[in-house]
Amino acid sequence: MAILLTGGAGYVGSHTALALLRAGHDVVVVDNLENSSAESMHRVEELAGRSLTFGQFDVRDTDRLGKLFADGSIDAVVHFAGLKAVGESVAEPLRYYANNIGATTSLLAAMDAAEVRQLVFSSSATVYGDGGEPEYVESMPRNPVNPYGQTKAMIERILEDVAASGRGFRFSILRYFNPVGADESGRIGEDPRGVPNNLVPFVAQVAVGRRPELLVFGDDYETADGTGVRDYIHVADLADGHLAALASMPAADRAVAYNLGVGRGWSVLDVVTAFEKACGRPIPRRVIGRRAGDLAACWANPAKARAELGWTARRSLDDACADAWRWQSANPSGYS
Ligand code: NAD
Ligand code: UFG
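The following paragraphs examine the structure supplied in this document. This one's a predicted model, so the numbers in the text were calculated from it and none came from an experiment.

1. Focus: the pattern of salt bridges
Then, in step 1: Counted by the stated rule, this structure contains 24 salt bridges.
Then, in step 2: Notably, a salt bridge pairs Arg-50 with Asp-26, separated by 2.9 Å at the nearest N-O pair. Of this pair, Arg-50 sits in the loop between helix H2 (39–48) and strand E3 (53–55) while Asp-26 sits in strand E2 (residues 26–30), and the two are 24 residues apart along the sequence.
Then, in step 3: Using a relative accessible area of 27% as the deciding quantity, one classes Arg-50 as partly exposed.
Then, in step 4: Taking the shortest distance from any N to any O, the salt bridge between Asp-294 and Arg-230 comes out at 4.0 Å. Residue Asp-294 is found in the loop between strand E14 (285–288) and strand E15 (299–300), and its partner Arg-230 is found in strand E10 (residues 229–230); the two are separated by 64 residues along the sequence.
Then, in step 5: Here Asp-294 falls in the partly exposed class, since its relative accessible area comes to 25%.
Then, in step 6: When its relative accessible area of 15% is taken as the criterion, Arg-230 is described as buried.

2. Quick look at the packing of helix H7 (residues 199–207) against helix H9 (residues 268–279)
Then, in step 1: At a minimum axis distance of 11 Å, the contact between H7 and H9 shows a crossing angle of 40°. On the basis of their axis angle, the class for H7 and H9 is oblique. As H7 runs across H9, the sense of the crossing is right-handed. Together, Leu-199, Val-200, Val-203, Ala-204 and Ala-207 of H7 and Val-268, Val-271, Val-272, Phe-275 and Cys-279 of H9 make up the contact between the two elements.
Then, in step 2: Taken together, the residues of the contact of H7 with H9 break down into 10 nonpolar, no polar and no charged.

3. Regarding empty space enclosed by the protein
Then, in step 1: Under the defined criterion, the tally for this structure stands at two cavities of 30 Å³ or more.
Then, in step 2: Taken as a whole, the largest cavity spans an internal volume of roughly 60 Å³.
Then, in step 3: Together, Tyr-11, Gly-181, Glu-190, Val-200, Pro-201, Ala-204, Ala-324, Trp-327 and Gln-328 line the largest cavity.
Then, in step 4: When contributions to the lining of the largest cavity are tallied by element, the ones reaching two or more residues are H7 and helix H11 (317–330).
Then, in step 5: Among the residues forming the lining of the largest cavity, the class breakdown is six nonpolar, two polar and one charged.
Then, in step 6: In this model, the second largest cavity occupies a volume close to 40 Å³.
Then, in step 7: Contributing elements (two or more residues each) for the lining of the second largest cavity: strand E11 (232–234) and H11.

4. Regarding the sheet that holds E2
Then, in step 1: With respect to topology, seven strands assemble into an open sheet ordered E3-E2-E1-E4-E5-E7-E12, the strand pairing being parallel. Because the sheet does not close on itself, it has two edges, and the strands there are E3 and strand E12 (254–260). For this sheet the average axis-to-axis angle between neighbouring strands, irrespective of direction, equals 20°.
Then, in step 2: Where strand E4 (residues 76–79) meets strand E5 (residues 118–124), three bridges bridge the pair, whose relative direction is parallel.

5. As for the site of ligand 1
Then, in step 1: If you check the shell around ligand 1, you find 26 residues, and the closest are Asp-31, Asn-35, Ser-36, Lys-84 and Tyr-148.
Then, in step 2: Gly-10 has a polar backbone atom sitting 3.4 Å from an oxygen atom of ligand 1.
Then, in step 3: Taking Ser-36, its side chain carries an N or O atom lying 2.6 Å from an oxygen atom of ligand 1.
Then, in step 4: Starting from 820 Å² of accessible surface for ligand 1 in isolation, the protein chains cover 95%.
Then, in step 5: Counting residues per element, the shell around ligand 1 draws most heavily on E5, which supplies three residues.
Then, in step 6: Per-class residue counts for the shell around ligand 1 are 11 nonpolar, 10 polar and five charged.

Cut-offs and rules
Residues numbered from 1 in each chain as written. Chains lettered and ligands numbered in written order. Predicted model: local features only at pLDDT ≥ 70, side-chain atom pairs only at ≥ 80, totals over all residues. Heavy atoms only, no water. Salt bridge = Lys/Arg side-chain N within 4 Å of Asp/Glu carboxyl O. Helix = DSSP H or I, 4+ residues; strand = E, 2+ residues; numbered from the N terminus. Buried < 20%, exposed > 50% of the residue type's maximum accessible area, 1.4 Å probe, protein only. Axes fitted to C-alpha atoms, helices over the stretch in contact; angles between N-to-C directions. Parallel < 35°, antiparallel > 145°, perpendicular 65-115°, else oblique. Left-handed = near helix turned anticlockwise from the far one by under 90°. Contact = heavy atoms within 4.5 Å. Nonpolar A, V, L, I, M, F, W, Y, C, P; charged D, E, K, R; others polar. 1 Å grid on protein atoms, 1.4 Å probe; cavity = no way out; pocket = protein on both sides within 12 Å on 5 of 7 lines; lining within 4 Å. Points joined across faces, edges and corners; volume = space filled by probe spheres on them. Pairing = 2+ DSSP bridges. Near = heavy atom within 4 Å. Polar contact = N/O pair within 3.5 Å; in protein donor to acceptor, adjacent residues only side chain to side chain. Areas by Shrake-Rupley, 256 points an atom, 1.4 Å probe, with all protein chains shown as cover.

Spatial relationships are all this shows, so hold off on functional conclusions.
Next up, the structure:
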């Protein structure tokens, strides 16, 4: 198949591009490089030993998208493009709504015009919000607590409405838990701009000497060691989840959501211990107060993805830390 990846130069997109190329698919990427680098695409081509097609433009540019679809070669789309920093979304909600919702409606219009009606969407565990039970099941209500999460919940709703309109669309909605790690080559990985928001890239930058210490956001949660618990999923397993979703798309006029997670949680201190093992050096850390908006614990129930997509996470947290360290130590400043 020929697959269009919006936002395919980013962290999850670049690993998925590699997995698709390795599986023999053709890959077309559209990315405005707002939060990524074209270097990731060169490295994906080098690792796969095959080339992909890259267009640098905004997905909200429906005319350019239309031209891309015009030759009829694209079979399906994976829609990664979006802004994803929770704190930034609280400070700049309009930018988040305009980008994330606007990119999706632009893409759906171009797909409809070209009669391409299969889409896999990058959603997030953040759509569940603070619902009570820490183990999330797809049937739980959406209850996002910040503008970023709202954009994901709204896009899921848009996809459900478009599916129900009877035009033959098939939507697979993948709710990612916490993607971590890198391709085992260490050639591609997560390269956040500025101070990392997420735990593993921050720990990796401490390990490589770019930052003096990890700040642990609270150790007074009701968890085994008091620190926050999340479901950390290796990005290569997540990439495989997209291949599984493309191979088992829902029936026409259906939008179906799947959790992509391991199915268990690890604490902040578990992650630090695993990373120390991977890098062979201590990670200095200091406990400060809780981060606003954080939950104590959440993890996926991944049974639906296993049953309907035949997908399950195979790699361990130790694998993810070893791969993240290989990437970070070989590329201390990321792609630049
Ligand atoms: P990323 O920022 O590395 O990748 C997103 C890519 O989209 C970037 O390359 C960016 O330049 C591009 N982009 C953004 N807006 C665009 C637009 N309007 N037009 C064209 N390109 C645009 O993020 P990621 O971690 O790879 O995440 C991919 C998707 O998965 C996002 O939608 C994100 O919300 C979702 N997600 C990520 C996580 C996570 O923790 N990484 C968790 C859950 C869901
Ligand atoms: N943490 C620290 N110090 C840091 C960074 C994080 O202690 O410097 C802690 C957090 O408090 C939390 C855990 O590490 O307990 C994980 O935090 P992350 O920021 O890595 O991940 P979150 O679970 O908060 O959020 C991530 C993405 C969201 C996404 C969500 C669910 O950032 O975009 O997973 O998919 F919505």
